[in-house]
Amino acid sequence: MGKLESVYPISIDQTKQKVLQDIDRYIENKDIMPVYETYLSDRKSYVEQIWMNVWLNKASNDVPRKEKKAFLKARGHITEGTDHKHINNLFRHELRSYKPFDTRSWLDKKFLENMQEWEQRYVKAREVFFRRQEEQKLAHKRWIVQEKLEDEANTFFENSSLLIYLHVRYYMSGIIASDLHNKPKFQTVEPYLLEERLVEDGVFESNDYLMVTDFFEELTGDIHSTFDWAKSHYEYENYYYRYERLVLDFIFGFVPKKVLDYLSKEVLQDFSESYGEIVNLETLQELLQDDLTDLSQACFDELQEEYLSDLLKLVHIPFDEALHQEIFEKDEENRERKKAELLAEEERKKEEEKRILDDIFGKAYTPSLGKQVKYILHIGDTNTGKTHQALEKMKKAESGLYLAPLRLLALEVFEKLNADGVLCSLKTGEEEKPVMGAKHISCTVEMFHEKDYYDVIVIDEAQMIADKDRGFSWYRAITKANAKEVHIIGSRNIEKMLLNLLDEADLELYEYHRDIPLEIELKEFESKHTKKGDALICFSRRQVLETASRVQASGHRVSMIYGSMPPENRKRQIELFNRGETSVVVSTDAIGMGLNLPIRRIVFLENEKFDGTRRRRLTSQEVKQIAGRAGRKGIYDTGKVAFTADIKIMRKLLEQVDEPVQTFTIAPTSTVFERFQKHYRNLGTFFELWEKFNPPNGTKKASLSEERELYELIRDTEIEARFSLMDLYGFLHLPFSAKEPRLIRQWLETVEAIAESSELPDPLIRTRNLEELELSYKAIGLHLLFLYRMGKRTEAVYWERVREEISNGVHDQLKDEIINYQKKCKRCGKQLPEESRFQICDACYHSGHRKNRKY
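Keep in mind that what you see is a predicted model, and the values were worked out from it rather than measured.

**Here's the deal with the pattern of salt bridges**
Right, on to step 1. Under the definition given, this model contains 61 salt bridges.
Right, on to step 2. Notably, a salt bridge pairs E622 with R616, separated by 2.8 Å at the nearest N-O pair. Residue E622 shares its accessibility class with R616, and that shared class is buried.
Right, on to step 3. Note that E772 and R768 form a salt bridge whose closest N and O atoms lie 2.4 Å from each other.
Right, on to step 4. The network of salt bridges with shared partners includes R169, E302, E306, D310, K313, D331 and R335.

**Points about the sheet that holds strand β13 (residues 518-520)**
Right, on to step 1. Strand order across the open sheet formed by six strands is β13-β20-β17-β14-β16-β15, with parallel pairing between neighbours. The open sheet has two free edges, formed respectively by β13 and β15 (558-561), since each of these has just one partner strand. Each adjacent strand pair in this sheet contributes to an overall mean axis angle of 20 degrees, direction not counted.
Right, on to step 2. Note: strand β14 (residues 534-537) against strand β16 (residues 584-587), three bridges, orientation parallel.

**Details of the pairing of strand β10 (residues 454-459)**
Right, on to step 1. Counting buried positions along β10 gives six out of six residues, so the element sits mostly inside the fold.
Right, on to step 2. Alignment of β10 against strand β11 (residues 483-490), held across five bridges, turns out to be parallel. Directly across from I457, in β11, lies its bridge partner V486.

**Focus: the environment of W55**
Right, on to step 1. Turning to its location among the elements, W55 is positioned in helix α3 (residues 44-62).
Right, on to step 2. Residue W55 is classed as buried on the basis of its relative accessible area of 0%.
Right, on to step 3. Residues W55 and S559, 504 residues apart in the sequence, show an inter-C-alpha distance of 81 Å.
Right, on to step 4. Contact partners of W55, with chain neighbours within four places excluded, come to L4, V7, Y8, S11, L95 and Y98.

**Brief notes about the packing of aromatic side chains**
Two descriptors summarise a pair of aromatic rings, namely the distance from one centre to the other and the angle between the planes of the rings.
Right, on to step 1. If you walk through the whole model with that rule in mind, you get 48 aromatic pairs.
Right, on to step 2. Considering the side-chain rings of Y240 and F300, the 5.1 Å spacing of their centres and the 75 degrees angle between planes classify their relative orientation as edge-to-face. Placement of the pair is Y240 in helix α9 (residues 239-262) and F300 in helix α12 (residues 289-304), with a sequence separation of 60 residues.
Right, on to step 3. Since its relative accessible area comes to 27%, Y240 is described here as partly exposed.
Right, on to step 4. Grouped by ring-pair contacts, the aromatic residues F361, F673, F676, Y680, F686, F687, W690, F693, Y711 and Y729 constitute a single cluster.
Right, on to step 5. When the ring centre of Y243 is taken as origin, the NZ or CZ atom of R242, which lies over that ring, is 5.5 Å away.
Right, on to step 6. Here the guanidinium or amino end of R789 rests over the ring plane of F731, the centre of that ring lying 5.7 Å away.

**What about the side chain of D22?**
Right, on to step 1. With respect to the helices and strands, D22 occurs in helix α1 (residues 3-27).
Right, on to step 2. You can call D22 buried: its relative accessible area is 5%.
Right, on to step 3. Residues contacting D22, with those up to four places away along its chain left out, are Y39, R43 and Y46.

**What to know about the nonpolar core**
Right, on to step 1. In terms of nonpolar packing, the biggest core is built from 151 residues, with I457, I488 and W747 touching the most fellow members.
Right, on to step 2. The dominant element in this core, judged by the number of residues it contributes, is helix α29 (residues 770-789), at 12 residues.
Right, on to step 3. Formed by 43 residues, the second largest nonpolar core is a distinct cluster that contains M172, V212, I251 and L308.

**Quick word on the sheet that holds strand β9 (residues 440-444)**
Right, on to step 1. Here eight strands make up an open sheet; going across it, the order is β8-β7-β9-β6-β10-β11-β5-β12 and the pairing mixed. Each of the sheet's edge strands pairs with one partner strand only, and the pair in question is β8 (432-433) and β12 (506-512).
Right, on to step 2. In this structure, strand β7 (residues 424-427) lies alongside β9, joined through four bridges in parallel fashion. Of the residues in β9, the one forming a bridge with S425 is I441.
Right, on to step 3. Where helix α17 (residues 471-480) meets the sheet, it contacts β5 (374-380), β6 (400-404), β10 and β11, and its direction lies at approximately 150 degrees from that of β10.

**A few points about the confidence of the model for the protein**
Right, on to step 1. Overall, the prediction assigns the protein a mean pLDDT of 87, with 94% of residues at 70 or greater.
Right, on to step 2. Taken as a whole, residues 849-855 scores under 50 in pLDDT and shows zero contacts with residues more than four places along the chain or in a different chain.

Analysis parameters
All chains use their own residue numbering, which begins from 1 and follows the written sequence. Only residues with pLDDT of at least 70 get local features here, since the model is predicted, and only at 80 or more are side-chain atom pairs given and counted; chain-wide, interface and lining totals rely on the full set of residues. Only hydrogens and water are set aside when side-chain values are computed; all heavy atoms of the structure are taken into account. Salt bridges are identified by distance alone: a Lys or Arg side-chain nitrogen within 4 Å of an Asp or Glu carboxyl oxygen. When a residue's accessible area, from a 1.4 Å probe over protein chains only, is under 20% of the maximum for its type it is buried; when over 50% it is exposed; and in between it is partly exposed. A strand pair is defined by DSSP finding two or more bridges across the two strands. A run of H or I in DSSP counts as a helix once it spans at least four residues, and a run of E counts as a strand once it spans at least two, with each numbered from the N terminus. Axis lines are fitted through C-alpha atoms, for helices just across the contact stretch, and the angle between N-to-C directions can take any value from 0 to 180 degrees. By the convention used here, residues are in contact when the closest approach between their heavy atoms is within 4.5 Å. Ring pairs are drawn from Phe, Tyr and Trp, using the six-membered ring of Trp, whenever the two centres fall within 6.5 Å, and their geometry is named by plane angle: stacked under 30 degrees, edge-to-face over 60, tilted for the rest. Whether a charge lies above a ring is judged from NZ of Lys or CZ of Arg, which has to be within 6 Å of the ring centre and within 35 degrees of the ring normal. Residues belong to a common nonpolar core when they are buried Ala, Val, Leu, Ile, Met, Phe, Trp, Tyr or Cys residues joined through side-chain atoms within 4.5 Å. pLDDT measures how confident the predictor is about each residue, on a scale from 0 to 100.

In structure tokens, the structure reads:
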């Protein structure tokens, strides 16, 4: 028998029950018994419809889909490929005519032919009706009595809350004293760390705890269950939970007795009559459960606000209501006085801190432009000759200073000026190349000193003022420049900020526009379309090597540029392209900063980059900065730009007007440290104050995250004690790759050596592969930062030669990589197929997947 046949009799029974229930509801409130025919007349539509409703719902819900399809198929319906909803609709339609139950006939047979059955139904329905009315009256009476009882109990709570708390206070004081004397103290551990065994830590000393809540943070040694985010879990119990239970138990045991004595005879009598029993403690605990719980929590909260010493002195004072109330009121008055004193002290400290913050930082970040300085702004698109024009002015001056964002650009200008017959020295943190008789210097922006005077200062890539880590170096150079003329070079989105910053200065503005138009190719780029003069852009060193190898294998000679490549090697790669010895450049976005190459077409192989936190789409400014390198006057009359995907979106980014830079970054200055040392001597305190300092409008603070991470390595050590604040911060602020563990270790060992006045450790040099060569280059760079800072120029010359050898090694390795590059799994080193989209092999992926899977 199928499910349909089995639910059929059940549906009939349910229909009968529903009709009989409807009859009872109809006749129960009639004072005179209605005749059966009257019921049928009034309820005809319901009686006729009830079977169909019950049958359709019961069969639709209980009959499985497979049986429904078989049922429909037997009636000529096609069900294959039909969705579930349509099958249900067909099934319900067919059921309407399937074995209908005649409800009317059944009723007539039951009542029309047997009027005695109808009369008995009426009598029984009336009895049930009257009984229900009596129960409702009794329930209403009980509700009124219960409400009166609760009102009197609440009045008692309001009038006796202090007395109740005095009893709680006295009772808990004895238990706390006993726990302090008899229970072991445990070493601190996070409650959820159940895998760590508790270790006893001597005995409790009451003087160690000011407030009761301080003691409640100690562990009892027991384990208890807590409920959090709809889940139960176990953890070590602290005294908070123990005393929360104790207060609750005391309230439920003590207060109902007092309430019972307080209740009026009238309420007690009414309760007894309506419930048929007298009021007892269990009844009160049940009726007043919510009120007693709230009272318990209020007493527990008050208990935690007490001084522990105030409670302990109660232990040996027998309870007397008047006496204990007097003691409590004095303790409370004393506690409020101490609170007021603490609040006043906190307020005083806040005001003092505010005064100190103002004194330290004060006007340190207010522009102080030189009175006789003339500012010339060179604002415009990439590759429009802005830097060339500014440098021409500097070359003609008696003395000049060029401030670059990158060591490579400083090196490029150093070589250019000397090649043009203008003697120029080079000075970066990692190297110094003095030229005899030179009055011009090319350096990185961080090497700027406001006391040094020059006829002309050139500040390149001024939009970097918005950089969260380095921006303040541009701000300082622009506002503290000591020169006759200061030439500032920047993109269009920095113009408004510079005009505001230099509002009162003698100022000239030159705007630059591309002579060579940019043309966006409408067809998506494919690697087979690579031609001479192309620059292929991707956003990782691995992608650069992989792409360069593939392009060279297709018949092109390739130059490569990426961020971690040593500047000397970048310079070589650029020269190879400039001389025509290579025909294609494969580069990261490092190409967008000040590098002028004869590029015919910029090709974006990717439209996204990883910014250290997440992968994101390129910004409009990034697209423009890179794309602007396409086209070279006298070589290519048009610069072309191509994309591998999303051409419409990328075109919009390239053509949209940039949002003006709204803020620039500020960082600590020597003046700030001088003022700080009037108040404090600890660098940790400086970082705390820096966090609290609110920067002026239009500025944002440098995060100093790397400096703080390095500081944690030497906090409270002999190293910190040996150095002045300025020297210590200088070490923390050295520009090196502080994300490399090996370089961090080298930094720490070197600082330790300086503190102990011992020989500086040599940087670790490894040359097995390209990654090790590049890291060794950085390690020597960090070593040179320390050597130049300490004035050890002879040693620095030696290590510059070693670094040059490493650079040569990188050059040779790059040539080898581009010829023999193989995709390898970054976990096991196994060679990957050329077409593989991933950096790990299938075996490593599945192994890691199983390891991380949660069962």
